[in-house]
Amino acid sequence: MPQNPPNTAVRTSHAITLRANGITVGIIQGWSPNMSRTITPIYEINSDTSGEPIENVPGNVGGLTIGVSRYDLYTKRMEKAFGTPDSAMLGDHNNPFTVMEIWRFPNNQIESLMYTGCWFSSLGRQYSATD
């Protein structure tokens, strides 16, 4: 009897569900959460040392971004699926939204990540004759 998701040790995007404000977003083509921080090397001022850094100090986390590509459906454009107004202008987006990323594993284990206070910083469409 087949299992859903398949019994495999490979972690693929087929096991992921995205929900914005409690509603499944659906038909995600690409999802790429990203964060970054600077690492500052600390040097010792001493003529008897090698001149190499003696420590690397991590900075604050910043650059929190999520890139998302979603197929638009006739029933809901992407921004409406994420709980924001169906608009052509970023200026119409005046409230943050929450996204939950849920991973389901073959052993019925569930892992979830919550992204709160999300805003669209870039919104656009790409049209192609090969769709």
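Just so it is clear, the structure is predicted and the values come from calculations on it, not from any experiment. (Residues numbered from 1 in each chain as written. Predicted model: local features only at pLDDT ≥ 70, side-chain atom pairs only at ≥ 80, totals over all residues. Heavy atoms only, no water.)

### Details of the overall build of the chain
Scanning the chain from terminus to terminus reveals 1 helix and 6 strands. By the burial criterion, 18% of the 131 residues in the chain qualify as buried. Residue pairs in contact within the chain that sit at least 24 positions apart in sequence constitute 55% of those at least 6 positions apart. Here the chain displays about 10,000 Å² of accessible surface, and carbon together with sulfur accounts for 51% of that area. (Helix = DSSP H or I, 4+ residues; strand = E, 2+ residues; numbered from the N terminus. Buried < 20%, exposed > 50% of the residue type's maximum accessible area, 1.4 Å probe, protein only. Contact = heavy atoms within 4.5 Å. Areas by Shrake-Rupley, 256 points an atom, 1.4 Å probe, with all protein chains shown as cover.)

### Here's the deal with the environment of Phe120
Within the secondary structure, Phe120 sits in the segment after strand E6 (110-118). Through-space distance from the C-alpha of Phe120 to that of Asn95 is 10.0 Å; in sequence the pair is 25 residues apart. Each residue touching Phe120, except ones within four places of it in the same chain, is listed here: Met78, Glu79, Phe82, Thr84, Leu90, His93 and Phe97.

### Things to note about the side chain of Glu101
Examined against the element boundaries, Glu101 turns out to sit in strand E5 (residues 97-104). Side chain to side chain, Glu101 and Trp31 meet in a polar contact 3.0 Å long. (Polar contact = N/O pair within 3.5 Å; in protein donor to acceptor, adjacent residues only side chain to side chain.)

### Things to note about a nonpolar patch on the surface
A cluster of nonpolar residues, Met35, Val61 and Leu64, forms a patch on the protein surface that exposes about 330 Å² of accessible area. Along the chain, Met35 falls in strand E3 (residues 28-43). (Patch = residues over 30% accessible without salt bridge, like charges linked within 9 Å, V, L, I, M, F, W, Y side chains within 5 Å. Salt bridge = Lys/Arg side-chain N within 4 Å of Asp/Glu carboxyl O.)

### Re the nonpolar core
Within the largest apolar cluster, 12 residues are counted, these being Leu18, Ala20, Val25, Trp31, Met78, Ala81, Phe82, Phe97, Val99, Tyr115, Cys118 and Phe120. In this structure Phe82 touches Ala20, Asn21, Val25, Val68, Phe97, Val99 and Phe120, once residues within four positions along its chain are discounted. (Core = buried A, V, L, I, M, F, W, Y, C linked by side-chain atoms within 4.5 Å.)

### Thoughts on the packing of aromatic side chains
In this structure the tally under the stated criterion is 2 aromatic pairs. Look at Trp31 and Tyr115: their rings are 6.0 Å apart centre to centre, the planes differ by 70°, and that puts the pair in the edge-to-face class. In this pair, Trp31 is assigned in strand E3 and Tyr115 in strand E6, connecting sequence segments 84 residues apart. Each member of the pair Trp31 and Tyr115 is classed as buried. (Phe/Tyr/Trp six-rings, centres within 6.5 Å; stacked < 30°, edge-to-face > 60°.)

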